[in-house]
Amino acid sequence: MKKLLIIFGCCICISSCIPLRIAPSIKDYKITKGKRFKKGLPKKTVFVFEDPKDADEFYHYINTKFQLNNHYVDVEVPFEVEGNSFFFSFYEVEIPTKTINLIPLMIDGALSQTTDMEPVFEEIHTSRKGNWYIAMEVFNDLEDDALREGSVSRELVLPYLRNLKNEYLATDNYNEVVFKN
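Read on for an overview of the structure. (Residues numbered from 1 in each chain as written. Predicted model: local features only at pLDDT ≥ 70, side-chain atom pairs only at ≥ 80, totals over all residues. Heavy atoms only, no water.)

**Digging into the nonpolar core**
In step 1: Residues Phe-58, Ile-62, Phe-88, Met-136 and Val-138 are the most contacted members of the largest nonpolar core, which totals 25 residues.
In step 2: Those elements that place two or more of their residues in this core are strand E3 (45-50), helix H3 (57-65), strand E4 (77-81), strand E5 (84-101), strand E6 (126-139) and helix H5 (154-170).
In step 3: With five residues, the single largest contributor to this core is H5.
In step 4: For Phe-88, the residues in contact, after removing those within four places along its chain, are Ile-62, Phe-66, Val-75, Glu-76, Val-77, Phe-79, Met-136, Glu-137, Val-138, Phe-139 and Leu-164. (Core = buried A, V, L, I, M, F, W, Y, C linked by side-chain atoms within 4.5 Å. Buried < 20%, exposed > 50% of the residue type's maximum accessible area, 1.4 Å probe, protein only. Helix = DSSP H or I, 4+ residues; strand = E, 2+ residues; numbered from the N terminus. Contact = heavy atoms within 4.5 Å.)

**Topic: H3**
In step 1: The complete set of buried residues in H3 reads Phe-58, Tyr-61, Ile-62, Asn-63, Thr-64 and Lys-65.
In step 2: Looking at the residues trailing H3, positive phi occurs at Gln-67, about 50°.

**Comments concerning the packing of aromatic side chains**
In step 1: For the structure on display, the rule yields 14 aromatic pairs.
In step 2: Both rings, one in Phe-66 and one in Phe-88, keep their centres 5.9 Å apart while their planes meet at 70°; by these two values the pair is edge-to-face. With Phe-66 in the loop between H3 and E4 and Phe-88 in strand E5, this pair connects stretches of sequence that are 22 residues apart. Side by side, Phe-66 and Phe-88 carry an identical accessibility label, which is buried.
In step 3: Plain terms: the ring middles of Phe-79 and Phe-88 are 5.6 Å apart, the flat faces sit at 50° to each other, and that makes the pair tilted. Taken as a pair, Phe-79 and Phe-88 share a single burial class, namely buried.
In step 4: Grouped by ring-pair contacts, the aromatic residues Tyr-29, Phe-47, Phe-49, Phe-58, Tyr-61, Phe-90 and Tyr-168 constitute a single cluster.
In step 5: When the ring centre of Tyr-168 is taken as reference, the NZ or CZ atom of Lys-53 above it lies at 4.5 Å.
In step 6: Above the face of the Phe-66 ring, Lys-65 is positioned so that its terminal group lies 5.8 Å from the ring centre. (Phe/Tyr/Trp six-rings, centres within 6.5 Å; stacked < 30°, edge-to-face > 60°. Lys NZ or Arg CZ within 6 Å of the ring centre and 35° of its normal.)

**Focus on the pattern of salt bridges**
In step 1: Across all of its chains, the model carries six salt bridges by this definition.
In step 2: Salt-bridge contacts for Arg-148 lead to Glu-143; the nearest nitrogen and oxygen are separated by 4.0 Å.
In step 3: Under the relative-accessibility criterion, Arg-148 is labelled partly exposed at 36%.
In step 4: Glu-149 is paired through a salt bridge with Arg-154; the nearest N and O atoms lie 3.3 Å apart.
In step 5: Take Glu-149: its relative accessible area is 66%, and that puts it in the exposed class.
In step 6: Given the relative accessible area of 14%, Arg-154 is considered buried. (Salt bridge = Lys/Arg side-chain N within 4 Å of Asp/Glu carboxyl O.)

**A word on the packing of H3 against H5**
Pairs of packed helices are described in terms of their axes, by the angle between the two and the distance that separates them.
In step 1: The N-to-C vectors of H3 and H5 enclose an angle of 110°; their axes lie 11 Å apart at closest approach. Between H3 and H5, the angle falls in the class roughly perpendicular. Taken as a pair, H3 and H5 cross one another with a handedness that is right-handed. Residue-level inspection shows Glu-57, Phe-58, Tyr-61, Ile-62 and Lys-65 of H3 in contact with H5, the latter providing Leu-164, Glu-167 and Tyr-168.
In step 2: Looking at side-chain class alone, the contact of H3 with H5 contains five nonpolar, no polar and three charged residues. (Axes fitted to C-alpha atoms, helices over the stretch in contact; angles between N-to-C directions. Parallel < 35°, antiparallel > 145°, perpendicular 65-115°, else oblique. Left-handed = near helix turned anticlockwise from the far one by under 90°. Nonpolar A, V, L, I, M, F, W, Y, C, P; charged D, E, K, R; others polar.)

This is the structure we're talking about:
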């Protein structure tokens, strides 16, 4: 009975995938330091949400909504909340989920030891699934980081960013947004 359990346990371990990196799952949005979320983002506090749409869709949405004509679209987008002027910058960020697939790795190892064959399943030793996120930072003339904890502007800006995110996710034709404004 013990041998059967050991064999069963080994089969489960061999047939499984080992996760090396798991991308975060964000239900609505997350407020975090940029560098903590992804290396390469600024040290400022960012508003992050998952982007299920294709690459550059958020860029096109912002360009159309704010009628920027491809000028400073991802760097300094001006907006106003209750008479206060702000700017936001955004970053499209990919964090892949990466796993090691043990079965193809073991098959290639066995084939290379018994025969002089090159690895057959080398492309599937690891698998990656990309997860895309939009990270936004907000600033104005008075505050360099309007989303940081304790910022005067944080409570003004957060509802605006939530509405912007919801509008982006709900809109397919970005020209509709121009007529809503």
